[in-house]
Amino acid sequence: MTVILIIYVLASLLLAIALDFLAREAAYVFRKRHQPTPQHPPVSLIKPIKGVSEFSEECFRSWLKQNYTGHVQFIFSLQDPDDPALGVLGKLSKEFQFEVCINAVQPDLLGKTSNLDYGIRIAKHDLLIFSDADILAPPDTIRRIVDCLCGGTDLVSCLPTHMEARNTWARMYESAWNSGIYYLWAPSMLHGVPAGVAGGTVALSRRTLEKIGGIRSFGQYIADDLAMGKKAIEAGLKVGMGPEVFSPVGFIPFHILLEKFIRANLIFICMPPYNVFMGIITLFFSYAYLPMLFFGAAIDYRVALAGLAGLLLRMFSIMRLSQIANRTLRLPYETIVSDILSFSAFVTAFFKREVLWSGVKYRVIRGGKIQITNITNS
């Protein structure tokens, strides 16, 4: 038993070191200086909108204040004429020029992809940027995206770093999503085996969109970004990395966190990314400490000690990730509770393929496609 436990601790240590290296490598590549191109083609930027948050005005403004010298057509696409986001857009319209379209969700698409489809219909330019409502962009984001597209990349996917968590549940969400981005998605992009695209901000030409089948080819998947990336790769297109963008988290209540965890696990179960083996190994070592720590003492004190070592290494990884992704060093005291919730969400998702998302209950079917089963007022 002692040998097995030593192997577990050493493997966990090696994993922690490997993940730290991958995260630092990703951060360096995404933040390093790039070689700009002399081209400044016109761009249509489409933002699918539903609802507002405390960060909405800041996020919208960050795109409207880009330093890109080419023409940018800004399109905010909504689905509800009573959406509170219209108040924010009304305020911004006094300073900036942009277009707003409001259309009901199409029956063969979901809310976000329906908004994107309507935005594309009024887009005037060949180069398209899709950016979620909660994305905050540095001033040179469009410039760097266009440099990637003009440099031979067919589909550009930016790295979305989650930040500004305001409560414990939000910190759990921030750590979990940044872990997926920095430990799995970004390394897969860097090493030529892209696991789909990160959906916060993507860019492509109309021709590229046509090659992957248009919005409807990925518009009914629980993870439309993974589906988009998969179809692009299957079409032989080059998927590349764009600049870093930011997603402010703010305050998240417990029930929303649980919905997010269930959705993430449904994605993992129903439409796993290309590096699923790596993900399974990572999850195994991430959660293995829980039964060892809680039940190990009943078996052998050495099991409990090995579990404690696993917990400390797990906390080290999360602490280092916070330092790399968010430029802040904090003690992740919520680790045990977060991992228990995440594992519970995995079990729930495995046996019950449903999730409540933005007031709509979805059932996930084979391959990751989803069906609407109920609409609530939440």
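Anyway, here's the lowdown on the structure attached to this text. (Residues numbered from 1 in each chain as written. Predicted model: local features only at pLDDT ≥ 70, side-chain atom pairs only at ≥ 80, totals over all residues. Heavy atoms only, no water.)

**Topic: the nonpolar core**
It is characteristic of soluble globular proteins that their nonpolar side chains tend to be buried jointly.
Okay, so step 1: If you look at the biggest cluster of nonpolar residues, it comprises 77 residues, and the most contacted ones within it are Phe130, Tyr182, Ile212, Phe218, Met228, Leu266 and Met271.
Okay, so step 2: A total of nine residues in this core trace back to one element, the largest contributor, which is helix H6 (residues 168-190).
Okay, so step 3: Excluding residues within four positions of it along the chain, Leu266 makes contact with Ile222, Met271, Ala349, Lys352, Arg353, Glu354, Val355 and Val364. (Core = buried A, V, L, I, M, F, W, Y, C linked by side-chain atoms within 4.5 Å. Buried < 20%, exposed > 50% of the residue type's maximum accessible area, 1.4 Å probe, protein only. Helix = DSSP H or I, 4+ residues; strand = E, 2+ residues; numbered from the N terminus. Contact = heavy atoms within 4.5 Å.)

**Quick word on the pairing of strand S2 (residues 72-78)**
Okay, so step 1: Among the seven residues of S2, seven are classified as buried, and the element is accordingly described as predominantly covered.
Okay, so step 2: Residues Val72, Phe74, Phe76 and Leu78 of S2 are buried on one face, and the alternating residues Gln73, Ile75 and Ser77, pointing to the opposite face, are buried as well.
Okay, so step 3: Note that strand S1 (residues 43-48) and S2 share six bridges and pair parallel. Bridge pairing links Leu45 to Phe74 in S2.
Okay, so step 4: Handedness of the S1-helix H2 (residues 56-64)-S2 crossover: right-handed.
Okay, so step 5: Crossover handedness for the path S2 to helix H3 (residues 85-92) to strand S3 (residues 99-102): right-handed. (Pairing = 2+ DSSP bridges. Right-handed = clockwise from strand over helix to strand, strands pointing away.)

**Some points on the packing of aromatic side chains**
Okay, so step 1: Taken as a whole and assessed by the stated rule, the structure comprises nine aromatic pairs.
Okay, so step 2: Taking the centre distance of 6.2 Å and the plane angle of 10° together, the rings of Trp177 and Phe261 count as stacked. With Trp177 in helix H6 and Phe261 in helix H9 (residues 254-270), the pair connects residues that are 84 residues apart, well separated along the chain.
Okay, so step 3: A residue is classified by how much of its surface remains accessible, and Phe261, at 2% relative accessible area, is buried.
Okay, so step 4: What links up through ring pairs into an aromatic cluster is the set Tyr287, Phe343, Phe346, Phe350 and Phe351. (Phe/Tyr/Trp six-rings, centres within 6.5 Å; stacked < 30°, edge-to-face > 60°.)

**What to know about the environment of Ala176**
Okay, so step 1: With respect to the element layout, Ala176 can be found in helix H6.
Okay, so step 2: With a relative accessible area of 30%, Ala176 lands in the partly exposed category.
Okay, so step 3: Distance from Ala176 to Ser344, taken between C-alpha atoms, is 14 Å for residues 168 residues apart in sequence.

**Topic: empty space enclosed by the protein**
Okay, so step 1: If you walk through the whole model with that rule in mind, you get two cavities of 30 Å³ or more.
Okay, so step 2: Taken as a whole, the largest cavity spans an internal volume of roughly 70 Å³.
Okay, so step 3: Lining the largest cavity are 13 residues, and of these Lys112, Gly199, Val202, Asp224 and Met228 sit closest to its centre.
Okay, so step 4: The element best represented in the lining of the largest cavity is helix H8 (residues 224-234), accounting for three residues. (1 Å grid on protein atoms, 1.4 Å probe; cavity = no way out; pocket = protein on both sides within 12 Å on 5 of 7 lines; lining within 4 Å. Points joined across faces, edges and corners; volume = space filled by probe spheres on them.)

**Here's the deal with the pattern of salt bridges**
Okay, so step 1: A complete count under the given rule lists 17 salt bridges for this structure.
Okay, so step 2: For Arg61, the salt bridge goes to Glu57, with nearest N and O atoms at 2.9 Å. Placement of the pair is Arg61 and Glu57 together in helix H2, with a separation of four residues, close to one helical turn.
Okay, so step 3: The partner of Arg166 in a salt bridge is Glu164, and the shortest N-O contact between them spans 3.2 Å.
Okay, so step 4: The class of Glu164 is partly exposed, set by a relative accessible area of 31%.
Okay, so step 5: Within the structure, one salt-bridge network assembled from shared partners comprises Glu57, Arg61, Lys91 and Glu95. (Salt bridge = Lys/Arg side-chain N within 4 Å of Asp/Glu carboxyl O.)

**Considerations on the sheet that holds strand S4 (residues 127-131)**
Okay, so step 1: Reading across the sheet, the seven strands line up as S3-S2-S1-S4-S6-S5-S7 and stay open at both edges, with mixed pairing between neighbours. Every other strand in the sheet has two partners, leaving S3 and strand S7 (239-250) as the edge strands with one partner each. The sheet shows a mean angle of 20° between the axes of neighbouring strands, taken without regard to direction.
Okay, so step 2: Judged from the four bridges that link them, S1 and S4 form a sheet pairing that is parallel. Each residue of the ladder has a partner; that of Ser44, found in S4, is Leu128.
Okay, so step 3: Against the sheet, helix H4 (residues 111-122) contacts S1, S2, S3 and S4, and its axis sits at roughly 140° relative to S2.
Okay, so step 4: Across the sheet, helix H5 (residues 141-150) touches S1, S2, S4, strand S5 (155-165), strand S6 (201-205) and S7, and the angle it forms with S7 is around 155°. (Axes fitted to C-alpha atoms, helices over the stretch in contact; angles between N-to-C directions.)

**Digging into the environment of Val197**
Okay, so step 1: Mapped onto the secondary structure, Val197 falls in the loop between H6 and S6.
Okay, so step 2: For the pair Val197 and Val3, spaced 194 residues apart in the sequence, the C-alpha separation amounts to 41 Å.
Okay, so step 3: Residue contacts for Val197: discarding those within four places in its chain leaves Leu155, Ser157, Trp185, Val202, Asp225, Leu226, Met228, Gly229 and Val239.

Function-wise, these values are silent; they only describe arrangement.
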